[in-house]
Amino acid sequence: MVGKAVLSTIILITGIIFIVSQVEADQQPAGIVQASIAQPSSVIVDIPGPKTAAPAAGERSERFIVDDTSRWTADELVVVNRVLTHTFQALNEVGLDGRLLLDDYRFRRVSGEHIDEALGLIGLVNHDTHIISLADAAFVRLGGFYIYHEIGHAVDHQMDRELSKQYHAQIIAMAGTDNITAVGATVDGYWLRAHAHEVREEATADAFALWVGSEQADMRRPIFAGTPLNADYDGIVRALEISMVAINGS
Ligand SMILES: [Zn+2]
């Protein structure tokens, strides 16, 4: 029941943020896309790297855009740039073009330690608007884990949830057992947070964050209050990578 209440609250909050995002987009639809330095309210983060295909006009941007009315710091933009660069490197290594996959996603800065204090919500991705909202904690906690996590949700969404399907098939195969308990959705040993135990997309987004962060950025293994002692960090990374390769090969 508690889980349901929290879920309802998340849906409610997502709905509110969706409305807010819509309003912001309506106020400056062209400004977000065509932002330049002359517009201090929007900043473009350029991601270096080879392109794998020539884009058709208007089909795909070469830039990822962060927007907010005021609160980005130079250090935060560096973090976003670094996280995206690492993500694209990781995807590139399994034959995927991250810039194509996440073409029109944007980052929005929400000031405050959390987006929602009571829920401890640090990051949030809106799959309708393709806006990833980030609170203060996303930049200062666990080496950017929460930013990678939200990008993981976006990647999974762009693949029509194929990543979470593959990941869960893979961990069942690796564990050699389908030891999913009544409350859990994720095989024991392959989740880090209670939330990820109960929701397989959350376990997948955590696995994605761990995969990119540990392979590309020497990120320390995150330990959360509920992380079980038998959490298999290496197994999670391996399962995620195998899933990615399987998706690209299929
Ligand atoms: Zn999540």
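On a predicted model such as this, the values are computed, not experimentally measured, just so you know.

1. Examining the overall build of the chain
Moving on, step 1. The helix and strand inventory of the chain stands at ten helices and five strands.
Moving on, step 2. Within the chain, the proportion of its 250 residues that are buried is 36%.
Moving on, step 3. Looking at the chain alone, contacts between residues at least 24 apart form 66% of all its contacts between residues at least 6 apart.

2. Side note on the pairing of strand β4 (residues 123-126)
Moving on, step 1. Judged by which residues are buried, β4 turns out to be covered on both faces: Gly 123 and Val 125 on one side and Leu 124 and Asn 126 on the other are all buried.
Moving on, step 2. Relative to strand β5 (residues 131-134), β4 runs antiparallel, the two sharing four bridges. By the bridge assignment, Gly 123 is partnered in β5 with Leu 134.
Moving on, step 3. Counting the residues between successive antiparallel strands, the hairpin from β4 to β5 contains four residues, one of them, His 130, with a positive phi of roughly 60 degrees.

3. Digging into unusual backbone geometry
Moving on, step 1. For His 130, which is not a glycine, the phi torsion comes out positive at approximately 60 degrees.
Moving on, step 2. Within the fold, His 130 resides in the loop between β4 and β5.
Moving on, step 3. Among the residues examined, His 130 registers 16 C-beta atoms within 10 Å and is labelled partly exposed.

4. Regarding helix α10 (residues 233-249)
Moving on, step 1. Here α10 contains 17 residues, and its C-alpha end-to-end distance of 25 Å stays within 8% of the 24 Å for a straight helix at 1.5 Å per residue.
Moving on, step 2. Every buried residue of α10 is accounted for by Ile 236, Ala 239, Leu 240, Ser 243 and Met 244. The buried residues of α10 all sit within an arc of 135 degrees when viewed along its axis, so they share a single face. Of the residues in α10, the exposed ones pointing more than 90 degrees away from the buried face are Asp 234, Asn 248 and Gly 249.
Moving on, step 3. At its buried positions, α10 is contacted by α7 (162-175) and α9 (200-216).

5. A look at the environment of Gly 123
Moving on, step 1. Topologically, Gly 123 is positioned in strand β4.
Moving on, step 2. Since 23 C-beta atoms lie within 10 Å of it, Gly 123 is described here as buried.

6. Focus on the confidence of the model for the chain
Moving on, step 1. Taken residue by residue, the chain gives an average pLDDT of 77. The fraction at 70 or more is 69%.
Moving on, step 2. In the model, residues 6-43 has pLDDT below 50 throughout and makes 34 contacts with residues more than four positions away in sequence or in other chains.
Moving on, step 3. Contacts of residues 50-62 to residues separated by more than four positions or lying in other chains number seven contacts, the stretch itself having pLDDT below 50.

7. Examining the packing of helix α6 (residues 145-158) against α9
Moving on, step 1. In the contact formed by α6 and α9, the axes pass within 7 Å of each other and the chain directions differ by 120 degrees. Relative to α9, the element α6 lies oblique. Crossing geometry of α6 relative to α9 is assigned as right-handed. Mapping the contact onto sequence places Phe 145, Tyr 148, His 149, Gly 152, His 153, Val 155 and Asp 156 in α6 and Glu 201, Thr 204, Ala 205, Asp 206, Phe 208, Ala 209, Val 212 and Gly 213 in α9.
Moving on, step 2. Looking at the contact of α6 with α9 residue by residue, the class counts come to seven nonpolar, five polar and three charged.

Basis of the calculations
- Residues numbered from 1 in each chain as written.
- Predicted model: local features only at pLDDT ≥ 70, side-chain atom pairs only at ≥ 80, totals over all residues.
- Helix = DSSP H or I, 4+ residues; strand = E, 2+ residues; numbered from the N terminus.
- Buried ≥ 20, exposed ≤ 12 C-beta atoms within 10 Å, placed from the backbone.
- Contact = placed C-beta atoms within 7 Å.
- Pairing = 2+ DSSP bridges.
- Expected span 1.5 Å × (residues − 1).
- Arc of directions from axis to C-beta.
- pLDDT = per-residue confidence, 0-100.
- Axes fitted to C-alpha atoms, helices over the stretch in contact; angles between N-to-C directions.
- Parallel < 35°, antiparallel > 145°, perpendicular 65-115°, else oblique.
- Left-handed = near helix turned anticlockwise from the far one by under 90°.
- Nonpolar A, V, L, I, M, F, W, Y, C, P; charged D, E, K, R; others polar.

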